[in-house]
Amino acid sequence: LPKELLKASELALNVNGQLQELESRGTGAIGMLAWRLLLRTPEFPEGRSLVLIANDVTHQAGSFGVAEDHFFKKATEYARQRGLPRVYIACNSGARVGLVEEIMPKLRVHWNDAADPSKGFQYLYLTEADYKSLPSGAVIGKLVPGVGYALDAVVGQGLSSIQGGIGVENLQGSGSIAGETSRAYQDIFTLSYVTGRSVGIGAYLNRLGQRVIQSVDGPLVLTGYGALNKLLGKSVYFSQDQLGGPQIMVPNGITHQLVQNDQEGAEAILKWLSFVPRDTWSLPQSISSTDPLDRSVEFRPTKQPYDPRHMLAGTTTGNGKWLSGFFDRGSFVEYMAGWGRSVVVGRARLGGIPMGVIAVETRNVERRIPADPGNPESREIVEPQAGQVWFPDSAYKTATAIRDFNVGENLPLMIFANWRGFSGGTRDMYGEVLKFGAQIVDALVDYKQPVFIYIPPEGELRGGSWVVVDPAINPDVMEMYADQDSRGGILEPAGIVEVKFRSKQRVEMMHRLDDKLQQLDAQMKTSPAPEQLQQEIHRREEMLQPLYTQVACEFADLHDRAGRMKAVGAVRESLQWSQSRGYFYWRLKRRLLEDRMVKDLQAADDRLSRADARQLLSVASDVPDADAVERLQKTSMNQQIRQVHAQAVRRKFCQAYEDLEAAGEVTGLRRSLLRCLLPRTGAAPGVRDDVGEAKVVQREVRGAYPGLLGKEVPHKK
């Protein structure tokens, strides 16, 4: 165990306005602090760096003034420039407000009737003496002869009470840090821990950083409850928790994780960081797993509703027997559990490799919308939500989780796809389920790491829910798999039978297969009383109809099975659930190794496509994943990368030569020297010529070739 688990260097602005690391503590004179931390964790025993920013609630209630905004922005930029995770500890009172205190004792009122103030006043003013005693620009006013200076605006320039900002200048600073935080989410890992009340811009900063851990004592509010009561003209709200406490922020998805105290908060931060890479350019750190890779997945999903968390993490039966789940034991952590409850999202490890995970709740759940104390007519609404269906909130939750996994965390993604479709009722269509379903596609289009979609045993993926996770959305990173006992199709068998295998067709099948009906059909041809036989045939058809409906459904179900999905190329492979853990570990390991090599090759030649780069790898695609991993780990791509880079450089020089020649800048001695320096050579070994080198076009030259010391070409373009 390292002796020094944590090393902190405080960040402070130097005389040039740039952040520098200091060994001293508490040097700041403003309500904002920042540190660069070096943490030694099981994932990074040699240490990992991050930037920690925190409000100082002891300085003007932790409010945001101009200095605090500037420092917060600089600290966030510091993290972005270095690609480091940025953690924000929030406890504040929002943008700082104030008045110019030096003017208050000098303020005068020009009443409409000095003897009767109830008639109101015309304006506020300063006497000439008081006006002249203030610094230039402190107020804006006009001289009223015999009265003084009527005030048009109070600026406060040159007065000490406005230091740090008191009004719109603080809002301007709030806008700058809001934009910087939004950019930081796109560039690096951002995480906020709300340890206490966070107001206005403080609340927005947490949301703009997206990932939020909230303490039960840390409400997120835009306006305090007292101000709202004044606006409503009566006492409606009695605490900040009614506006932004956990009972509000957990069900609406703002809060990803709820903790009871700061110790749990610190543990939650460290646990989340364990899934996060060293910097924004790296992959998450793998660790040795004590859970065997080749073990079976013992918990098996059933046709009956079950808790999908058991499929992911394992569970203990009533008699005390442990049933293992898909991921490493003890590694699964659920986030956003209180929001969009028909979908389960979290982070886990597979053979020690961090992954994002999305699964489907198969049980019915309820969504509760609280009554608003500000509206006496409002009532709590309880909306039932069926399992295996995407609703507006769970579709939005899915898209949000995919973006979080992709941006800053660089996590491979595992989606256990078990959806029957989207809820398309009036209320849900009004609730923008179509918009949030489209956002799932948007998030997958941008995904950079491997994505595996797996239809679990007894699961099904149908209609629009298949469309939004189909690998064709982003074929470079997405692969789909189906369990041997899963189903996939447009409609469920009962639905498609009513459209494509109707009652008339089922009756025709009865007459073709049922011996009794065949006998009756034969008798009909010779019978003198066909009406009686017709009634008997009808009774037989009615008796057989339920049975042949089952036959038709079974026939339709045969079209939805994994064998057909694989045969038509809709899925890559059909898998056996008990062995799926080992299969996906080796597949993921291979994809990560190949992707790293492909990125190295593309860095050497920015015109190299992903498909062409993959062709340069030394392992064929049909090699089993475990064998491919062994070969890739033994393969050095250094020589290949150098060759690709050299070819790219030659191509760029050749293109530059063509451009200069087209511009008429290559003549005489220049032409000869450039032709010596840029010979037309073929592609480097192992590199396709059509990928690597732009051909030098031979141009027609009139007259004698000038040679090294010859004359210029007669014409010049």
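Structure first, text after, so check above.
All chains use their own residue numbering, which begins from 1 and follows the written sequence. Local features in this predicted model are restricted to residues whose pLDDT is 70 or higher, and side-chain atom pairs enter the listing and the counts only when it is 80 or higher, whereas totals over whole chains, interfaces and linings include all residues. Only hydrogens and water are set aside when side-chain values are computed; all heavy atoms of the structure are taken into account.

Notes on a nonpolar patch on the surface
Two distance rules govern patches: like charges are joined within 9 Å, and nonpolar side chains (Val, Leu, Ile, Met, Phe, Trp, Tyr) within 5 Å, applied only to residues with over 30% relative accessible area and no salt bridge. Here the open area of atoms and residues is found with the Shrake-Rupley method and a 1.4 Å probe, where only the protein chains shown may cover a residue. One speaks of a salt bridge when a side-chain nitrogen belonging to Lys or Arg is within 4 Å of a carboxyl oxygen belonging to Asp or Glu. A contiguous nonpolar surface patch, about 400 Å² in accessible area, is contributed by L107, V109, W111, F121 and L124. Strands are runs of DSSP state E lasting at least 2 residues, helices are runs of H or I lasting at least 4, and numbering of each runs from the N terminus. Looking at the nonpolar patch, the elements that each hand over two or more residues are β6 (108–111) and β7 (121–126). Assignment of secondary structure puts W111 in strand β6.

Description of the pairing of strand β27 (residues 478–483)
The classification of residues rests on relative accessible area computed with a 1.4 Å probe and restricted to protein chains. Under 20% of the type maximum is buried, over 50% is exposed, and intermediate values are partly exposed. Here β27 lies mainly inside the structure; 6 of its 6 residues are buried. Residues M478, M480 and A482 point to one face of β27 and E479, Y481 and D483 to the other, with burial holding for every one of them. Here strand β25 (residues 451–455) pairs with β27 via 5 bridges, running parallel. What sits directly across from Y454, in β27, is Y481. Should DSSP find at least two bridges between two strands, the strands are regarded as paired.

What about the sheet that holds β6?
Strand pairing in a sheet is mediated by backbone hydrogen bonds. Such pairs are either parallel or antiparallel. Strand order in the open sheet formed by 4 strands is β6-β7-β9-β8, and the pairing between neighbours is antiparallel. For this open sheet the edge positions go to β6 and β8 (139–144), each flanked by a neighbour on one side alone. When strand polarity is set aside, the average angle formed by the axes of neighbouring strands in this sheet is 45 degrees. In this structure, β7 lies alongside strand β9 (residues 148–154), joined through 2 bridges in antiparallel fashion. Each bridged residue has a counterpart across the sheet, and for Y125 the counterpart in β9 is A150. In this analysis an axis means a line fitted to C-alpha atoms, helices contributing only their contacting stretch, and an angle means the value between N-to-C directions, from 0 to 180 degrees.

Observations concerning the sheet that holds strand β23 (residues 413–416)
Spatially, the 7 strands line up as an open sheet ordered β17-β18-β19-β23-β25-β27-β29, and their pairing is mixed. For this open sheet the edge positions go to β17 (333–335) and β29 (573–575), each flanked by a neighbour on one side alone. Direction aside, neighbouring strands of the sheet carry axes that sit 25 degrees apart on average. Strand direction decides the pairing type here: β17 and strand β18 (residues 343–350), joined by 3 bridges, are antiparallel. Each bridged residue has a counterpart across the sheet, and for V333 the counterpart in β18 is R347. Whether two residues touch is decided by their heavy atoms; if any such pair falls within 4.5 Å, the residues are in contact. With respect to the sheet, helix α10 (residues 392–406) is in contact with β17, β18, β19 (353–360) and β23, its orientation differing from that of β18 by roughly 25 degrees.

What about the environment of G62?
Mapping G62 onto the fold places it in the loop between β4 (48–55) and α1 (66–82). For G62, a relative accessible area of 0% translates into the label buried. With 275 residues separating them along the chain, G62 and A337 place their C-alpha atoms 30 Å apart.

Structural notes on the pattern of salt bridges
The final tally for this structure, using the stated rule, is 45 salt bridges. The salt bridge involving D113 is made with K119; its shortest N-O contact spans 3.4 Å. The class for D113 is partly exposed, based on a relative accessible area of 26%. Relative accessible area serves as the criterion here: at 52%, K119 is assigned to the exposed category. Here R427 makes a salt bridge to E383, at a shortest N to O gap of 3.2 Å. Here E383 lies in strand β21 (residues 381–385) and R427 lies in helix α11 (residues 426–430), a separation of 44 residues in the sequence. With a relative accessible area of 13%, E383 lands in the buried category. Residues participating in the shared-partner salt-bridge network are E479, R587, R590, R591, E594, D595, R610, R614 and D625.

Considering the nonpolar core
Of all hydrophobic cores here, the largest spans 36 residues; its most connected members are I358, L413, W419 and V451. Only β18, β19, α10, β23, α12 (433–445), β25, β27 and α18 (562–567) provide two or more residues apiece to this core. What L413 contacts, discounting residues up to four positions off in sequence, is M355, G356, V357, I358, I402, F405, L444, Y447, P450, V451 and F452. The next biggest cluster of nonpolar side chains, apart from the first, holds 27 residues, and it includes V297, F299, Y306 and W577. Here, the term nonpolar core denotes a set of buried Ala, Val, Leu, Ile, Met, Phe, Trp, Tyr and Cys residues that are joined through side-chain atoms within 4.5 Å.

Structural notes on the side chain of R48
Residue placement: R48 occurs in strand β4. Of the buried charged residues, R48 lacks a salt bridge, with E43 as the closest side chain of opposite charge at 6.0 Å. In terms of polar contacts, R48 uses its side chain to reach the backbone carbonyl oxygen of V276, at 3.1 Å. When sequence neighbours within four positions are dropped, the list of residues in contact with R48 reads L37, L38, L39, P85, L273, V276, P277 and R278. When charges are counted, Lys and Arg are positive and Asp and Glu negative, with His and the chain ends excluded. Contacts described as polar in this section are N or O atom pairs within 3.5 Å, which, within protein, must combine one atom able to donate a hydrogen with one able to accept it, while residues neighboring in sequence count only if both atoms come from side chains.

Regarding the packing of aromatic side chains
Centres within 6.5 Å are what make two rings of Phe, Tyr or Trp a pair, Trp counting through its six-membered ring; a difference in plane orientation under 30 degrees is then read as stacked, over 60 as edge-to-face, and the rest as tilted. Taken as a whole and judged by the stated rule, the model has 27 aromatic pairs. Centroid distance F416 to Y454: 6.2 Å. Interplanar angle 55 degrees. Geometry classified as tilted. Here F416 is found in strand β23, whereas its partner Y454 is found in strand β25, with 38 residues between them in sequence. Accessibility assignment for this pair places F416 and Y454 in one class, buried. An aromatic cluster of three or more residues is present, and its members are F326, F327, F416, F452, Y454, Y481, W577, Y583 and F584. Only lysine NZ and arginine CZ atoms are considered, and such an atom sits over a ring when it is within 6 Å of the ring centre and within 35 degrees of the ring normal. Above the ring of Y78, the side-chain terminus of R82 is found at 3.6 Å from the ring centroid. The ring of W322 carries R329 above its face, with NZ or CZ at 3.9 Å from the centroid.

Honestly, it's all geometry; don't read function into it.
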